[in-house]
Every structure is written in C-alpha cells, then in structure tokens.
Amino acid sequence: MNFRIGHGYDLHRLVDGRRLILGGVDIPYSKGLLGHSDADVAVHALMDALLGALALGDIGKHFPDSDSAYKDISSILLLKKVGEIISRENYLLSNADVTIIAQKPKLLPYIPEMRKNIADTLGCDISQISIKATTEEGLGFTGSGEAISAHAVCILHKV
C-alpha cells in the first residue's frame, strides 16, 4: 500500500475584536485569532499536513490571502476543498493528529466537537481524528498569551 505522511504548522496572533475559532468550534474567549480567514490554526495546520503529504504546496498556494474570496471564510470550508483535492489524487485519510498550543483558554471541553467537525468535513470516522491541547508553561508567544499555534501530522493511503 502506498502511504504518504504530512506535517503542518500554523500560528496566529490573539487580538481583541475577533472570534476564537478552533477546529471549526466558536470558543467563548475575550480574544480571537488575527488572519485573512477565520484564522483557525488547528484546521490550517491540518490542511498544510494533508497538502504536504501529497507534495501539493500549502494553504497559501491554494487559498492566498491576497484573494478577497477567502476573506473571513470558514477554514472548515477550505478543509472541505482540501478533502476534494485528496480524493482527486486517489488518496484517503488513514489518520490525523493535531496538537493545539494555547496558554488559555482551556480547550478540553471543545475537543469532541472539533474532532466531529473535522471528521464530518473529511468524510471519515471520528476515530481517525485526534486533537490534543497543551500549554507552553508560560514560555514563548503562545505561553505569554500573545498567540495560539498548532502542529498536525497525517497519513494518507492510496486508494
């Protein structure tokens, strides 16, 4: 069987006046992530992992921030498009693992809904999607509360 492994990373600054969207979930918090789209770092990292597994570039190549069509767009909608690309390339998702790095807010209560959103969008079983959250013990951009970041890895297999 032909397997492909991908890794993705994303980071966005936390700012006032924006909603905090992670894994397609609107999380109550005093700040949100700054970006051209909804700035969902979890989904952005996952999309980069999926595209990277197929050596098809990154989300900036497919959905450039210079294109007004993507202004404030839901990253879940972009993930659906990435899922269509994967299908066209005759691959299926074996599994994906996403780690969100945020000092605050606590994300554990929202992880089941994030997993469901992503699984539903990619047309796979929820057991194929892992999402975890961690802090950086007050260190760096994420630890100081200035930003939230995410790493993602995935395995795709040829149909």
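All residue numbers here refer to positions counted from 1 along the written sequence of the relevant chain. Whole-chain, interface and lining totals are the exception, using all residues; otherwise, since this is a predicted model, local features are given only for residues with pLDDT of at least 70 and side-chain atom pairs are given and counted only at 80 or more. Side-chain numbers here rest on the full set of heavy atoms in the structure, without hydrogens or water.

**Q** What's the story with the nonpolar core in this structure? I'm lost.
**A** The tendency in soluble globular proteins is for nonpolar side chains to be buried side by side. In plain words, nonpolar cores are sets of buried Ala, Val, Leu, Ile, Met, Phe, Trp, Tyr and Cys residues tied together by side-chain atoms within 4.5 Å. Accessible area is worked out with a 1.4 Å probe on protein chains only. A residue is then buried under 20% of its type maximum, exposed over 50%, and partly exposed in between. Counting residues in hydrophobic clusters, the biggest one holds 48 residues, and the most contacted among them are L22 and L50. Elements that contribute at least two residues to this core include exactly β2 (20-22), β3 (25-27), α1 (41-53), α3 (75-88), β5 (91-101), α4 (111-122), β6 (129-134) and β7 (147-158). Starting at the N terminus, helices and strands are each numbered in turn, a helix being any DSSP run of H or I of at least four residues and a strand any DSSP run of E of at least two. No other element matches the 10 residues that α1 contributes to this core. Residue contacts for L22: discarding those within four places in its chain leaves I27, L33, D40, V41, A42, I100, L107, M114 and I148. Contacts are assigned to residue pairs with any non-hydrogen atoms lying within 4.5 Å of each other.

**Q** Before we go on, may I ask you to explain the sheet that holds β5 in this structure?
**A** To summarise the sheet geometry, strands pair through backbone hydrogen bonds and adopt either a parallel or an antiparallel arrangement. Strand pairing is assigned whenever DSSP identifies at least 2 bridges connecting the two strands. Read across the sheet, five strands follow the order β4-β1-β7-β5-β6 without closing on themselves; strand pairing throughout is mixed. The two strands at the open ends of the sheet, each matched to only one other strand, are β4 (32-33) and β6. Pairing of strand β1 (residues 3-15) with β4, which is carried by two bridges, proceeds in the antiparallel orientation. When the sheet's bridge partners are listed, L14 is paired in β4 with L33. Every axis corresponds to a line fitted to the C-alpha atoms, with the helix fit spanning only the stretch in contact, and the corresponding angles, defined between N-to-C directions, vary from 0 to 180 degrees. The strands touched by α1 within the sheet are β1, β4, β5 and β7, with β1 carrying the most contacts at an inclination of about 155 degrees.

**Q** Please explain α1 as it appears in this structure.
**A** End to end, α1 covers 18 Å across 13 residues, agreeing with the expected 18 Å (1.5 Å per residue, within 8%). By the criterion of burial, α1 is predominantly enclosed, with 12 of the 13 residues buried. Those residues of α1 that fall on the buried side of the exposure criterion are V41, A42, V43, H44, A45, L46, M47, D48, A49, L50, L51 and A53. Residues adjacent in sequence count toward polar contacts only when both atoms are side-chain atoms; beyond that, a polar contact is any pair of N or O atoms within 3.5 Å, and within protein one must be able to donate a hydrogen and the other to accept it. You can read the cap of α1 off the contacts: a side-chain oxygen lies 3.2 Å from the backbone nitrogen of A42, and it is on D40. A55 sits one or two positions beyond α1 and adopts a positive phi of about 55 degrees. One less than the residue count of a helix, multiplied by 1.5 Å, gives the span that helix is expected to have.

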